Amino acid sequence: MGIFSKRKINKDASSYPKIARDYCSNALTFQGAEGTAFSCIDRIASEFAMLNFGIYNQSDKQRVKKHPLYSVLKEPNLDERHFNFFYQSAVDYFNGGAFWLIRRYQGEVISLFRLNPLQVQVTRDVNTNRRKFLYNGSEFTDRDIAYIPSRYGYSNLTGGSSIESAVPSVFQTSKSLELYTKKSYENGILGKRLVVDISGLSNTPSDEQLEILKSNMQKEYGGVENASRPLFKKKGIEYSELGANSDNRSAELSENRAIQKEQMSTLFGVAQSILEGKNPNEMDFAIFSEFAIRPMATQFQEVINSLLDEDRFYFEFDYNGIMKVSLGQRVDSYIKQINNGILSLDEVRAKENLTPIDAGDTHFMPVNMMPWNSEIKDSYMAKQKQIAQESQTNNPLDENTQHIPQGDDKQ
């Protein structure tokens, strides 16, 4: 009866607490209209949210098939499933840090809730100097809230420090290019401008009339939305186009945009081939995994390990799923790993979302190789000694053969 009662309490406790507020992260919170930064964060957050993970025994490093934390991570609370929870947490990380409100029952973690990092104040307890968190008028300890601070710098202030504040020059240049591109298109494709010659008018318009004429021209024919509208010539007004160097400006703008994308790509560790989907190779994914995903995931991994409250278990992400290679390349890699005892057939089938097979957990190794340990070494030396003795028995030394004493040189 106690077990069923606990399950009911766990289910009820995982509903959204009144102290928390609905909050959705925005990948454009700090980078404005910067499309490349948005794409980088989206790729990183998406791959991070799709990482496989496991809980393992410290003693034998074997994966634990059943553990209460599995269900919490797969469904942190009744409103959010794993992907959305971890995706939004990754976006929070780039915006200064992620905060998880922890709910426990009888010491066991039963649910997690994301908090808006811009509404959490991080301070220090006067007596213990331990972190404490102020949120929505309530105070929490570091046992109540899991804090994953941004690796780009943080302080005991609201939220933390985003990647933009760490490298402001890159983002400022990128925003300037975005604004320049926008204005270039609004004023005519890549800087081409319309020249209105009113010198042929019989009466010279006043300044007020000239301002009205300019306003009407801009309203009726300016911007991209009016680019296809016909232009009607009036008596005494001539129209021409000023933009002889537009090709040069276009080339310069394209070059600057390419440099900006390369800077953003390098900053986030996401290859442009991955951002654009243009046949990324294995090395691109390896760099993406090592420099974009793993540093952030390691911080989350350390915090999740603190939720276990048990020294005999540890949590770990699996990064193999990031390597998006062709079927032929995957098969070749699997064959090499199976033949060298790195993976079993069931481990390979699990990576391909296939069911286990009989005896599929067996590992293989080449028959022409053996481990060099003390037992095999002693067995090998004993066998060699036996062969030598048998050789002497079958081929005794004659009288003319000089006898070489066995044992110590000094005897």
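Residues numbered from 1 in each chain as written. Predicted model: local features only at pLDDT ≥ 70, side-chain atom pairs only at ≥ 80, totals over all residues. Heavy atoms only, no water.

Q: Looking at this structure, how should I read the overall build of the protein chain?
A: Counting its secondary structure elements, the protein chain contains 13 helices and ten strands. Residues counted as buried form 33% of the 411 residues belonging to the protein chain. In the protein chain, of all internal contacts separated by at least 6 residues, the share reaching a separation of at least 24 is 63%. For the protein chain, the computed accessible surface area is about 26500 Å², with 51% contributed by carbon and sulfur atoms. (Helix = DSSP H or I, 4+ residues; strand = E, 2+ residues; numbered from the N terminus. Buried < 20%, exposed > 50% of the residue type's maximum accessible area, 1.4 Å probe, protein only. Contact = heavy atoms within 4.5 Å. Areas by Shrake-Rupley, 256 points an atom, 1.4 Å probe, with all protein chains shown as cover.)

Q: Can you walk me through the sheet that holds strand β2 (residues 97–105) in this structure?
A: Strand pairing within a sheet occurs via backbone hydrogen bonds; the two strands may be parallel or antiparallel. The strand order across the open sheet formed by three strands is β3-β2-β7, and the pairing between neighbours is antiparallel. Both outer strands of the open sheet, β3 (108–115) and β7 (145–149), are each paired with one neighbouring strand and no more. Within the sheet, the average angular offset between the axes of one strand and its neighbour, ignoring direction, is 25°. By the bridge criterion, seven bridges tie β2 to β3 in an arrangement that is antiparallel. Across the sheet, I102 pairs through a bridge with L112, a residue of β3. Relative to the sheet, helix α4 (residues 82–94) contacts β2, β3 and β7, its axis offset from that of β2 by approximately 135°. Packed onto the sheet, helix α10 (residues 282–308) meets β2, β3 and β7 and runs at close to 160° relative to β7. (Pairing = 2+ DSSP bridges. Axes fitted to C-alpha atoms, helices over the stretch in contact; angles between N-to-C directions.)

Q: Could you clarify how one ought to interpret the pattern of salt bridges in this entry?
A: It is possible for side chains of opposite charge to pair when their charged atoms get near one another. Scanning the entire structure with this criterion turns up eight salt bridges. Notably, a salt bridge pairs E80 with R114, separated by 2.8 Å at the nearest N-O pair. In this pair, E80 sits in the loop between α3 (68–74) and α4 while R114 sits in strand β3, placing the two residues 34 residues apart along the sequence. The burial state of E80 is the same as that of R114; both residues are buried. (Salt bridge = Lys/Arg side-chain N within 4 Å of Asp/Glu carboxyl O.)

Q: Whenever I open this one, the sheet that holds strand β5 (residues 131–135) confuses me. Can you help?
A: With antiparallel pairing, three strands are arranged side by side in an open sheet as β4-β5-β6. Two strands in the sheet have a free side with no partner beyond their single neighbour: β4 (120–124) and β6 (138–141). The sheet shows a mean angle of 30° between the axes of neighbouring strands, taken without regard to direction. As judged from the five bridges shared by β4 and β5, these two strands associate in the antiparallel manner. Pairing of T123 across the sheet is with K132, part of β5.

Q: Before we go on, may I ask you to explain α10 in this structure?
A: Helical geometry: 3.6 residues make up each α-helical turn, so side chains three or four residues apart lie on a common side. In the structure, α10 departs most strongly from a straight axis at I293, where the bend amounts to approximately 45° and where the proline P295 lies between one and four residues downstream. With a side-chain oxygen positioned 3.1 Å from the backbone nitrogen of M283, the residue opening α10 is N281. One or two residues past the end of α10 sits D309, with phi positive at roughly 55°. (Bend = angle between axes of the 7 residues up to and from the residue. Polar contact = N/O pair within 3.5 Å; in protein donor to acceptor, adjacent residues only side chain to side chain.)

Q: What's the story with the packing of aromatic side chains in this structure? I'm lost.
A: Applying the stated criterion across every chain, the model contains 18 aromatic pairs. Relative to F94, the ring of Y93 has its centre 5.6 Å away and its plane inclined at 85°; by these criteria the two rings are edge-to-face. You can call Y93 buried: its relative accessible area is 0%. Note on F99 and Y147: the rings are 4.4 Å apart at their centroids and 5° apart in plane angle, and the pair reads as stacked. Residue F99 is found in strand β2, and its partner Y147 is found in strand β7; the two are separated by 48 residues along the sequence. (Phe/Tyr/Trp six-rings, centres within 6.5 Å; stacked < 30°, edge-to-face > 60°.)

Q: Honestly, the packing of α4 against α10 in this entry has me stumped. Any pointers?
A: Axis angle and axis distance: for two packed helices, these are the angle between their axes and the distance between the axes, and together they describe the pair. At a closest axis distance of 11 Å, the pairing of α4 and α10 adopts a crossing angle of 115°. The angle between the axes of α4 and α10 places the two elements in the roughly perpendicular class. Between α4 and α10 the crossing geometry is right-handed. Contacts between α4 and α10 involve F86, S89, A90, Y93 and F94 on the former and, on the latter, M296, Q299, F300 and I304. Here the contact of α4 with α10 is built from residues that sort into seven nonpolar, two polar and no charged. (Parallel < 35°, antiparallel > 145°, perpendicular 65-115°, else oblique. Left-handed = near helix turned anticlockwise from the far one by under 90°. Nonpolar A, V, L, I, M, F, W, Y, C, P; charged D, E, K, R; others polar.)

Q: Even after reading the chapter, I still don't get the confidence of the model for the protein chain, so can you show me in this structure?
A: Detailed reading of predicted coordinates is not advised where the pLDDT is low. Summary statistics for the protein chain give a mean pLDDT of 77 and a share of 70% for residues scoring 70 or more. Overall, residues 1–12 carries pLDDT values under 50, and its contacts beyond four positions in sequence, including any with other chains, amount to seven contacts. (pLDDT = per-residue confidence, 0-100.)

Q: It is not clear to me how the pairing of β7 should be interpreted in this structure. Could you clarify?
A: Taken across its five residues, β7 has five buried, putting it largely inside the fold. Burial along β7 is two-sided: the face carrying I145, Y147 and P149 and the face carrying A146 and I148 are both buried. Relative to β7, β2 runs antiparallel, the two sharing five bridges. The partner of L101 across the bridge, within β7, is I145.

Q: Would you take a moment to explain the packing of helix α2 (residues 35–49) against α4 for this structure?
A: Running from N to C, α2 and α4 point in directions that differ by 140°, and their axes come no closer than 8 Å. In terms of axis orientation, α2 runs oblique to α4. Note that α2 runs across α4; the crossing there is right-handed. Contacts from I41, D42, I44, A45, S46, F48 and A49 in α2 reach H82, F83, F86, Y87, A90, V91 and F94 in α4. Across the contact of α2 with α4, the residue classes tally to eleven nonpolar, two polar and one charged.

Q: I'm lost on unusual backbone geometry in this one. Help?
A: In most cases, non-glycine residues show a negative phi, while peptide bonds are predominantly trans. The residue N129 is not glycine, and still its phi comes out positive at about 65°. Along the chain, N129 falls in the loop between β4 and β5. A positive phi angle, near 55°, is found at N136, a position not held by glycine. In this fold, N136 is placed in the loop between β5 and β6.

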